[in-house]
Amino acid sequence: MNQTFIAFCDDIFELFDCRVHGFSSELSHHLLNYSVQASATLREVVACDRQTRMSETYDPPKTPLDVLHEDAHLIVVNKPSGLLSVPGRGEHLADCLLTRVQAAFPQALLVHRLDRDTSGVMVFAQTPHAQRNLSMQFEQRQTRKTYIARVWGMVESKTGTVDLPLIVDWPNRPLQMVCHDTGKPAVTDWRVVKHEGNTTRIRLFPKTGRSHQLRVHMLALGHPILGDPFYAKGEARAFPRLMLHSEELRLKSPDSGTSMKFRAKAGF
């Protein structure tokens, strides 16, 4: 399929931004507020479904909800690896972090998401105002995200930046790929933490939020993330889980505007 057409379709998804989970308002409200782009777009939900179908049978962990912070405006939780952020199509994909959070906090609203196999810090809003404010912070790149990962091989340099545009690999979706012609800008800073045998523990600082950005950027660097069912091969893939964790999230309170920082230690 023509890559220009794929990029056009991707832009259409972003323009209309059909938020299908966590919002109870009418379609007219979505259209009036289309500039406020929450991460849970229709495109992301479809990719989530496809990711589940392409990998093994969905068997989410039964661990209890790990609440890191709660106030009148937001809830922060530590998402386990193997659990969808939002429900997929069908009862077998109904169990997800959103429904678990809403079981404890019925008013909770979705703001962003993590891939099923990625663990770590996620924030939910307590009110529609907080959801709009937090979504705008993500949209305008006002949040600061830090990930920890283990990658295959010895990364020799101490620090670096990957600046490679990404686009969906349409015949193999939800896989993404580097495309200098029609890809969207994607930038990731990285810093080596330590070497562990023939692997490297690395801290990642995404400056953009493209689908599978960290996974594709590490692959492009020649060091796929361990346990990645899509991009790792051979020994690099033979790990019990994707070794990628959202370690820290910094944002501003939707009420007072004060800076807030939330951390969760990686389980690997």
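Look up: the structure comes first, before these words.
From a predicted model like this one, the values you see are computed outputs, not experimental measurements. (Residues numbered from 1 in each chain as written. Predicted model: local features only at pLDDT ≥ 70, side-chain atom pairs only at ≥ 80, totals over all residues. Heavy atoms only, no water.)

> Would you take a moment to explain the overall build of the protein for this structure?
The secondary structure content of the protein amounts to six helices and twelve strands. Expressed as a percentage of the 268 residues in the protein, the buried residues total 52%. Look at the contacts in the protein between residues 6 or more apart in sequence, and 64% of them connect residues 24 or more apart. Carbon and sulfur atoms make up 53% of the accessible area of the protein, which totals about 12600 Å². (Helix = DSSP H or I, 4+ residues; strand = E, 2+ residues; numbered from the N terminus. Buried < 20%, exposed > 50% of the residue type's maximum accessible area, 1.4 Å probe, protein only. Contact = heavy atoms within 4.5 Å. Areas by Shrake-Rupley, 256 points an atom, 1.4 Å probe, with all protein chains shown as cover.)

> Whenever I open this one, the packing of aromatic side chains confuses me. Can you help?
A full pass over the atoms with the stated rule returns one aromatic pair. Ring geometry for Phe-230 versus Tyr-231: centroids 6.3 Å apart, planes at 90 degrees, classification edge-to-face. On the accessibility criterion, Phe-230 (14% relative accessible area) is buried. A relative accessible area of 7% places Tyr-231 in the buried class. Above the plane of the ring of Trp-170 lies Arg-173, whose end atom (NZ or CZ) is 4.6 Å from the centre. (Phe/Tyr/Trp six-rings, centres within 6.5 Å; stacked < 30°, edge-to-face > 60°. Lys NZ or Arg CZ within 6 Å of the ring centre and 35° of its normal.)

> Mind showing me how you'd approach the nonpolar core here?
Nonpolar side chains tend toward joint burial in soluble globular proteins. Membership of the largest hydrophobic core comes to 38 residues, with the highest contact counts inside it found for Val-101, Phe-124, Trp-190, Leu-204, Met-218, Ile-225 and Leu-244. Where this core is concerned, the elements lending two or more residues are strand 2 (74-79), helix 4 (97-104), strand 4 (119-125), strand 5 (144-152), strand 9 (187-196), strand 10 (199-206) and helix 6 (213-220). Looking at which element gives the most residues to this core, the answer is strand 5, with four residues. Val-111, Val-121, Val-123 and Leu-249 belong to the second largest nonpolar core, which has 15 residues in total. (Core = buried A, V, L, I, M, F, W, Y, C linked by side-chain atoms within 4.5 Å.)

> Which parts of the structure should I look at to understand unusual backbone geometry?
A cis amide bond links Arg-173 with the next residue in sequence, Pro-174, at an omega value of 15 degrees. Considering the arrangement of structural elements, one finds Pro-174 in the loop between strand 7 (166-168) and strand 8 (176-178). One non-glycine residue, Arg-141, lies in the positive phi region at around 60 degrees. With respect to the helices and strands, the residue Arg-141 is situated in the loop between helix 5 (128-139) and strand 5.

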